[in-house]
Amino acid sequence: MAMAIEKPHAGEGGEHETTTGLPNTKLAMWLFLASECLLFGALISTYVLYRGASTVGPYPADVFDIPYTSVSSFVLLASSLTMVLALTAAQKRDVPRMRLWLLATALLGLTFVGGQVYEFTAFYHEGLALSTNLFGTTFYVLTGFHGVHVTVGIFMLLSLVGLSGADRLPDDAGFPVEMVGLYWHFVDIVWIIIFTVVYLIPTGPTPAN
Amino acid sequence: MASVSVTGTSSRGLRRPSSLTGFWSWFTTVDHKKIGIMYGVSAFVFFIVGGLEALLIRTQLAQPDGTLLNADQYNQIFTMHGITMIFLFVMPMSAAFFNYLLPLMLGARDVAFPRLNAYSFWVFLLGGLFLYSSPFLGGAPNGGWFGYAPNSTTDPSIGMTFYALGLLITGIASAAGAVNLAITIINMRAPGMSLFRMPVFVWMGLVVQFLLVFALPIITVGLFELLFDRRWGTHFFDPTAGGDPILWQHLFWLFGHPEVYILILPAFGIISEIIPVFARKPLFGYQFMVFSGIAIGFIGFGVWAHHMFAAGLGPVANTAFGVSTAIIAIPTGVKIFNWMATLHGGDLRFTSPMLYAIGAVTMFVIGGLSGVTHAVVPSDYQQTDTYYVVAHFHYVIFGGSVFAFFGAFHYWWPKVFARQLSETLGKVAFWILLIGFNLTFGPMHILGLSGMIRREYTYPESLGLTFWNQIATLGAFLIALSVLTFMVNVLRTHIRKQPLASEDPWDARTLEWMTPCPPPVYNFEEIPQVHSLDEFWHRKYVEDEKTGTLVPAQAGAAPEHDDDHTEAGHGIHLPSPSYWPLVSAVGLPVIAYGVLYSWWLVAAGALVVLVGFMGWAVEPSVAED
């Protein structure tokens, strides 16, 4: 949908025609996301490798509240929709709508991160700390890394809103919104994988305790 | 449109830096050439430091029962030697050449993201200084450059925490640089510069950047896990809680083996530029060179477990990785044969760049052959963790990369500094280096096969290892003498201030030589239209139709430079200097110290990073007039 960008303002040094015709920033964002795939790939691999390897509890089945996390996952996925709406508004140069949808996206992201903080706190009170067992180690680090990524995305969304408010975005704000959107969708997609691998696939029998 | 002398101010807050010359301009520059020089100088300083560490190692081992260093100091010295040479010398030195040369070879005015480029440099430098602050703050890293767990997770000194944090910082620098340079190559080529008209050096640059982009995140995860284990008591590599130290080895070598090609492919690119110029022949089998480079890049991700044959992965895994390791020798061999074929029948000129290039190929072949012996699993069982391995990787990395770097210094010095290094001193340094290098690392094959274990800080006389160790130490000091000769050469060249006889002193083939020496800030007055591989050569020479020999092209086809460069370049749109890359970079070591000492420092560092990035985001890349 985002093929209408002709003059990217966010691309540094891209004032003349590029070789591929694509803006530098967009290619760089794709390459960065490809790199991120391996980052999460290695983290998820670590988690999978250590599934069921904890020698002491609590085990996943002891702490997980699947309905709760499903709701917060739904909230995060819904933010991809509002992100698309923000991009459409930006491309139509409808600044008020763009700000509205960007704020909505940030708010949904914030809800997700808030939910994660609550979840971490609850698990901690149930006896699962970072250093309790391998499950705590791999669970907190993997989902925490993802949470940090969402938080960075929220910063970027709020920066866009702030820049737009200060009238520092180009008239055609579609390009920067699209770049942030690429990152945001990526983080959402990663969550689908993490949610499936961590929460939905059962760990199998845990050692009796 | 801004002119070259930029005078804009940021519309609010800090006055934007505008000076393109003078001491302070180095801190705010976004010019790829200045950044390239800064990369080169910093990397060379780290090379000297790492070299002094090597001399300490060799002095300790010159006698049985050496007492210069105790075991603890020795562990720190050899670990810092490895980290320094790999992460703070060879990688940034490659980045120096890529930075300086890629835009020039592609016919571009700068890299795709000039400020990100400055950011990469500052992050690398600060990461290196962070690592080198560790000896003053409780001990340097001491677990070897590959930091095997659980030794690295349980060591009580602070060193390996510095290791994890320092390499995370330099990793950020490399990743940002890799994205930047890859996009530059893909997207910033001059009109007509199709992929298969790019010099092989540029191709190798592209492969290296992709290797970095896909290998660095893996070690990043490994280093984070190491950091969490050390700092916050997690159990990633803790066998007592069900963790598996072998996971660290997998994560490390899944990065570490592509890293080997990250270290050597730039050298392959340099050699591929130097040999055709001094053989006065086009590179033999250009497309084979390119595709074998790409093949090395791909296969490089499938051979990592040959570093772990002795870890007990089982016969199936060992066989598979033994086979893939043997396979990767094929594209590498293709390159060697193509260089030989380029030399064959050429009009050879044995200048110092050429000597270093041929030296690099020759030494690399020796290292490559000992590498093939590692692919044979039973043989590797015998060699692993002995000096035989030390000999092998110094032959490929020192013999390959470092020889190529010295060739590159001599070859591109006139381009960068408009001064020519002394050929006599260059050749003297080369021969001392060649002899010293072989005296140092040749005997290590014998020592390794005689059972001398890698990383042992001393050995008893009864093992009979003394003689070859003494030879190796003698060789190490010869290497130091050669590097000293090179430094004298540099000093002498710059004190004499002898102007260049010609702006194209080597009769070169590629676009960077179409610019004046040194190139103006905007590189090309007019972006060249590219018609062929070796564009510059084809502008200078045409083939005589009757005799088939080369004759100079008609006047006007050769490069012309305006006599008065100061007048030129107005109206060229260049990115302006900026404080923000440096500011954003400073936050990272602050965060890292915070992880060691206090959450307040982490918060402060994060704030600096945030302010830096915000300032960066609102600052236009080109200041308004």
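Each value, and the rule that gives it
- Residues numbered from 1 in each chain as written.
- Chains lettered and ligands numbered in written order.
- Predicted model: local features only at pLDDT ≥ 70, side-chain atom pairs only at ≥ 80, totals over all residues.
- Helix = DSSP H or I, 4+ residues; strand = E, 2+ residues; numbered from the N terminus.
- Rg over C-alpha atoms; globule rule 2.2 N^0.38 Å.
- Buried ≥ 20, exposed ≤ 12 C-beta atoms within 10 Å, placed from the backbone.
- Contact = placed C-beta atoms within 7 Å.
- pLDDT = per-residue confidence, 0-100.
- Nonpolar A, V, L, I, M, F, W, Y, C, P; charged D, E, K, R; others polar.
- Axes fitted to C-alpha atoms, helices over the stretch in contact; angles between N-to-C directions.
- Parallel < 35°, antiparallel > 145°, perpendicular 65-115°, else oblique.
- Left-handed = near helix turned anticlockwise from the far one by under 90°.
- Expected span 1.5 Å × (residues − 1).
- Core = buried A, V, L, I, M, F, W, Y, C linked by C-beta atoms within 7 Å.

**What about the overall build of chain B?**
Consideration 1: A tally of regular secondary structure across chain B gives 18 helices and 2 strands.
Consideration 2: For a compact globule of 625 residues, the expected C-alpha radius of gyration is about 25 Å, and chain B comes in at 25 Å, within 12% of that figure.
Consideration 3: Considered along the principal axes of its C-alpha atoms, chain B spans approximately 70 × 65 × 50 Å.
Consideration 4: Among the 625 residues that make up chain B, the fraction classed as buried is 54%.
Consideration 5: A separation threshold of at least 6 residues defines the contact pool for chain B, and within that pool the share at least 24 residues apart is 81%.

**Topic: the overall build of chain A**
Consideration 1: Looking only at helices and strands, chain A features 6 helices and 0 strands.
Consideration 2: Order of helices (α) and strands (β) in chain A, N terminus to C terminus: α-α-α-α-α-α.
Consideration 3: Burial status across chain A gives 39% buried among its 209 residues.
Consideration 4: Considering only residue pairs separated by 6 or more positions, chain A has 79% of its internal contacts joining residues 24 or more positions apart.

**Quick look at the confidence of the model for chain B**
Consideration 1: Residue-level pLDDT values for chain B average 91, and 94% of them are 70 or greater.
Consideration 2: In the predicted structure, residues 560-567 of chain B sits below a pLDDT of 50 and forms 6 contacts with residues beyond four places in sequence or in another chain.

**Examining the interface of chain B and chain A**
Consideration 1: Counting from both sides, the interface comprises 37 residues of chain B and, opposite them, 33 residues of chain A.
Consideration 2: Sorting the residues of the side of chain B that touches chain A by element identifies α4 (114-133), α6 (159-187), α7 (200-232), α8 (245-279) and α18 (599-618) of chain B as the ones contributing at least two each.
Consideration 3: Residue classes in the side of chain B that touches chain A are distributed as 24 nonpolar, 9 polar and 4 charged.

**Some points on the packing of helix α2 (residues 32-61) of chain B against α4 of chain B**
Residues and elements named next belong to chain B.
Consideration 1: Between α2 and α4, whose axes approach to 10 Å, the crossing angle comes to 15°. Viewed along their axes, α2 and α4 adopt a mutual orientation that is roughly parallel. Note that α2 runs across α4; the crossing there is left-handed. From α2, His32, Ile35, Met38, Tyr39, Ser42 and Phe46 reach across to α4, where they touch Pro114, Asn117, Ala118, Phe121, Leu125 and Gly128.
Consideration 2: Split by residue class, the contact of α2 with α4 holds 8 nonpolar, 4 polar and no charged.

**Brief notes about the packing of α8 of chain B against helix α11 (residues 352-375) of chain B**
Residue and element names in this part refer to chain B.
Consideration 1: Between α8 and α11, whose axes approach to 9 Å, the crossing angle comes to 130°. The orientation of α8 relative to α11 falls into the category oblique. Crossing geometry of α8 relative to α11 is assigned as left-handed. Together, Ala267, Ile271, Ile274, Ile275 and Phe278 of α8 and Pro353, Met354, Ala357, Ala360 and Val361 of α11 make up the contact between the two elements.
Consideration 2: Residues that form the contact of α8 with α11 fall into these classes: 10 nonpolar, no polar and no charged.

**Quick look at unusual backbone geometry**
Residues and elements named next belong to chain A.
Consideration 1: That bond from Gly57 to Pro58 is cis: its omega, -5°, falls within 30 degrees of zero.
Consideration 2: Within the secondary structure layout, Pro58 lies in the loop between α1 (24-49) and α2 (60-63).
Consideration 3: One non-glycine residue, Asp167, lies in positive phi territory at about 65°.
Consideration 4: With respect to the element layout, Asp167 can be found in the loop between α5 (134-165) and α6 (174-200).
Consideration 5: The exposed category is assigned to Asp167, around which 7 C-beta atoms lie within 10 Å.

**What to know about the confidence of the model for chain A**
Consideration 1: Averaged over all residues, the pLDDT of chain A is 88; the fraction at 70 or higher stands at 89%.
Consideration 2: Scored below 50 in pLDDT, residues 1-15 of chain A makes 35 contacts in the model with residues more than four places away or belonging to other chains.

**Details of the environment of Thr485 of chain B**
Residue and element names in this part refer to chain B.
Consideration 1: Here Thr485 lies in helix α15 (residues 466-496).
Consideration 2: Of the residues examined, Thr485 has 19 C-beta atoms within 10 Å and is grouped as partly exposed.
Consideration 3: Taking the C-alpha atoms as reference points, Thr485 and Thr319, 166 residues apart in sequence, are found 46 Å from one another.
Consideration 4: Once you skip the residues sitting within four places of it in the chain, Thr485 turns out to touch Leu425, Val428, Ala429 and Ile432.

**Concerning helix α3 (residues 66-91) of chain A**
All names here are of chain A.
Consideration 1: End to end, α3 covers 38 Å across 26 residues, agreeing with the expected 38 Å (1.5 Å per residue, within 8%).
Consideration 2: Along α3, the positions that sit buried rather than exposed are Ser72, Ser73, Leu76, Ser79, Thr82, Met83, Ala86, Leu87, Ala89 and Ala90.
Consideration 3: Residues of α3 that are buried sit in contact with α4 (95-125) and α6.
Consideration 4: In the stretch just after α3, Arg93 is the one whose phi turns positive, near 60°.

**Comments concerning the environment of Val45 of chain B**
Consideration 1: Position of Val45 of chain B among the secondary structure elements: in helix α2.
Consideration 2: Residues Val45 of chain B and Leu226 of chain B, spaced 181 residues apart in sequence, show a C-alpha to C-alpha distance of 29 Å.

**Some remarks on the nonpolar core**
Consideration 1: Within the largest apolar cluster, 235 residues are counted, with the highest numbers of intra-cluster contacts made by Ala182, Val213, Ile271, Ala357, Ala360 and Ala404 of chain B.
Consideration 2: Excluding residues within four positions of it along the chain, Val213 of chain B makes contact with Leu31, Ala34 and Ser35 of chain A together with Ala175, Ala178, Val179 and Ala182 of chain B.

**Comments concerning helix α10 (residues 315-343) of chain B**
Residue and element names in this part refer to chain B.
Consideration 1: Its 29 residues give α10 an end-to-end C-alpha distance of 42 Å, which sits within 8% of 42 Å, the value for a rise of 1.5 Å per residue.
Consideration 2: Within α10, the full set of buried residues consists of Asn318, Phe321, Gly322, Thr325, Ile328, Pro331, Thr332, Lys335, Asn338, Trp339 and Thr342.
Consideration 3: Looking at the buried residues of α10, the elements they touch are α8, α9 (286-299), α11 and α12 (377-383).
Consideration 4: Downstream of α10 by one or two residues, Gly345 has phi in the positive range, about 75°.

**Brief notes about the environment of Trp468 of chain B**
Residue and element names in this part refer to chain B.
Consideration 1: Structurally, Trp468 can be placed in helix α15.
Consideration 2: Residue classification places Trp468 among the partly exposed positions, given that 19 C-beta atoms sit within 10 Å.
Consideration 3: Taking the C-alpha atoms as reference, Trp468 lies 7.8 Å from Ile446; in sequence the two are 22 residues apart.
Consideration 4: Those residues within four positions of Trp468 in sequence are excluded, and the remaining contacts are Pro443, Ile446 and Leu447.

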